[in-house]
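Here is what each chain is made of, one letter per residue.
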Amino acid sequence: MGAQFHTSLLPTYLTLSSPRWSPPENLTRCTDDLKKQASQLNGTMGQFFHVQLKKSETPYVYVDDICRSLRLVYDSEVTVRDVAGLRFVIDASTFDYAQPGNCGFCTRLDSDFYDRPAGSFCLPDGLLDLGGCKPMPLKLPDSVSSFIHLIKLPIVASNPHFYGADPEVIDLFPRFRPSKEEDLTALDIEPQTGTLLRANKRLQMSILFRRFPDVSSFSNILPGAYPMFWVNETYTIDDSSWRSLHGSVLGTKRTVELVCYIVGVGFGALLVVLSLVSCFVSICCVHRHQEPREPRVDSKFEELPSAAIRADSTVQLRARPIRRKD
């Protein structure tokens, strides 16, 4: 998707063109297509996004401070001024040079840095050498027919406190305590309209120091990136935009949801009432059409046996004589 910009944010005599990254020609693992990707403008400037944004999507934003586009990934659900939104953060692989899509941002090192000798390619993960980007020319008024090109400076960009960088980068500053909540760029977006609710653009600029053995003041400095400053540019939706979003868009949505809820509950209640009435009518009809049964009369009577009269009999006991043995 091509980039879209708010031209009203720029002076009328300035026009933006694509950033021009020039990776080394002998970086064989970087094909021509991958090199072109580094100079593409992807996404918007971050003021707005497309409607019906989903969690599974990975929108892009173009950051002119670092001369490249950044991919965002879903992080969590948030609420900003009673408006539900989705939080997107910079992808963890943004400054990972093992990813093929990042090879176009590599430059040839002109000195020893960290464990990389002079002549090799790419700084450690987490550092972006801005010297590899030829600045976008600013078209001046017709009275001045020239272009301004900045000279290459040993400046590198990263997340504040080198969050997400290689351990060898952070080891130079043992007091740094990088954290996701404080050092990672985050954008809170209302997904239905693509409206930006809140943003925290966090960026650090460092200078790339090299060792100068012949200069005593710099002979003991370890070569690497040394922070100069870091910034946290914040934005929260203003009152006018919030009223427009909350009233005309989200208010209508909530009204529709309420109507659907009432209709659904009412229809369900109507079905329950109809079911009860149907059951009651069915029971009444069954009792009405059922014929009454005649009582059963048993004509047989049980005959009671007459009592038997027994005659008394006299039992005569006879004594048996006992014979005596001599």
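Residues numbered from 1 in each chain as written. Predicted model: local features only at pLDDT ≥ 70, side-chain atom pairs only at ≥ 80, totals over all residues. Heavy atoms only, no water.

What am I meant to see in the nonpolar core here?
One broad trend across soluble globular proteins is that nonpolar side chains are buried collectively. Ranked by size, the top nonpolar core spans 32 residues in total, and within it I66, L128 and L187 carry the most contacts. Listed by contribution, the elements that provide at least two residues to this core are β2 (60-63), β3 (68-80), β4 (83-90), β7 (155-158), β8 (186-190) and β9 (195-209). Filtering out sequence-adjacent residues up to four positions away, L128 remains in contact with W21, I66, R68, F95, Y97, F105, I155, V156 and A157. Counting twelve residues, the second-largest nonpolar core is a separate cluster that includes L109, V156, A165 and L208. (Core = buried A, V, L, I, M, F, W, Y, C linked by side-chain atoms within 4.5 Å. Buried < 20%, exposed > 50% of the residue type's maximum accessible area, 1.4 Å probe, protein only. Helix = DSSP H or I, 4+ residues; strand = E, 2+ residues; numbered from the N terminus. Contact = heavy atoms within 4.5 Å.)

I tried to follow the environment of H50 on my own but got confused; where do I start?
When you line up the elements, H50 lands in the loop between α1 (32-38) and β2. For H50, a relative accessible area of 36% gives the class partly exposed. In this structure, the C-alpha to C-alpha distance between H50 and T193, residues 143 residues apart in sequence, is 7.0 Å. In contact with H50, not counting residues within four places along its chain, are E57 and G194. Polar side-chain contacts of H50 include one of 2.7 Å to the side chain of E57. (Polar contact = N/O pair within 3.5 Å; in protein donor to acceptor, adjacent residues only side chain to side chain.)

Looking at this model, I keep getting lost on unusual backbone geometry. Mind explaining?
Note: most peptide bonds trans; most residues except glycine with negative phi. Of note in this structure, R81 is not a glycine but carries a positive phi near 55 degrees. Mapping R81 onto the fold places it in the loop between β3 and β4. Phi is positive for Y114, which is not a glycine, with a value near 60 degrees. Looking at the secondary structure, you find Y114 in the loop between β4 and β5 (128-129).

What should I look at first to understand the pattern of salt bridges in this one?
When the charged atoms of two side chains lie near each other, side chains of opposite charge can form a pair. Inspection of the entire model under this criterion finds eleven salt bridges. Among the ionic pairs, R87 bridges to D188, the shortest N-O distance being 2.7 Å. Here the residue R87 occupies a position in strand β4, and D188 occupies one in strand β8, the gap between them amounting to 101 residues. Taking the relative accessible area as the measure of exposure, R87 reaches 23% and is therefore partly exposed. The class of D188 is buried, set by a relative accessible area of 1%. Each member of the salt-bridge network shares a partner with another, and the members are D65, K201 and E233. (Salt bridge = Lys/Arg side-chain N within 4 Å of Asp/Glu carboxyl O.)

I tried to follow the confidence of the model for the chain on my own but got confused; where do I start?
Detailed reading of predicted coordinates is not advised where the pLDDT is low. For the chain, per-residue confidence averages 76 on the pLDDT scale, and 68% of positions sit at 70 or higher. Of all helices and strands in the chain, the one with the weakest mean pLDDT is strand β6 (residues 133-134) (70), whereas β8 scores best (95). Taken as a whole, residues 136-150 scores under 50 in pLDDT and shows 24 contacts with residues more than four places along the chain or in a different chain. For the stretch residues 311-315, pLDDT sits under 50, and the model shows zero contacts to residues farther than four places along the chain or on other chains. (pLDDT = per-residue confidence, 0-100.)

Where do I start with the state of the cysteines in this structure?
Disulfides are covalent bonds that link the sulfur atoms of two cysteine residues. As enumerated under the stated definition, the model contains two disulfides in all. A disulfide bridge connects C30 with C103, and the sulfur atoms are separated by 2.1 Å. Between C30 and C103 the disulfide shows an S-S torsion of about 70 degrees. By sign, it is right-handed. Here C103 lies in the loop between β4 and β5 and C30 lies in the loop between β1 (20-21) and α1, a separation of 73 residues in the sequence. Each member of the pair, C30 together with C103, is buried. (Disulfide = S-S within 2.5 Å.)

Looking at this model, I keep getting lost on the environment of P154. Mind explaining?
Relative to the assigned elements, P154 resides in the loop between β6 and β7. Classification of P154 as partly exposed rests on a relative accessible area of 40%. For P154 and D129, which are 25 residues apart along the polypeptide, the C-alpha to C-alpha distance reads 7.5 Å.

I'm lost on the pairing of β7 in this one. Help?
Looking along a regular strand, one sees the side chains alternate between the two faces of the sheet. With burial as the criterion, each face of β7 is covered, one bearing I155 and A157 and the other bearing V156 and S158. With two bridges connecting them, β5 and β7 associate as antiparallel partners. Paired with D129 across the two strands is V156, which belongs to β7. Pairing analysis gives four bridges linking β7 to β9, with the strands arranged antiparallel. Directly across from A157, in β9, lies its bridge partner M205. (Pairing = 2+ DSSP bridges.)

I keep staring at a nonpolar patch on the surface and nothing clicks. Help me out?
Taken together, the side chains of V273, V277, F280 and V281 present a nonpolar region at the surface, about 370 Å² in accessible area. Along the polypeptide, V277 turns up in helix α4 (residues 239-289). (Patch = residues over 30% accessible without salt bridge, like charges linked within 9 Å, V, L, I, M, F, W, Y side chains within 5 Å. Areas by Shrake-Rupley, 256 points an atom, 1.4 Å probe, with all protein chains shown as cover.)

What should I look at first to understand the environment of L41 in this one?
Within the fold, L41 resides in the loop between α1 and β2. On the basis of relative accessible area, L41 is assigned to the buried category, the value being 18%. Remark: the alpha-carbon pair of L41 and R68, spanning 27 residues in sequence, is separated by 7.4 Å.

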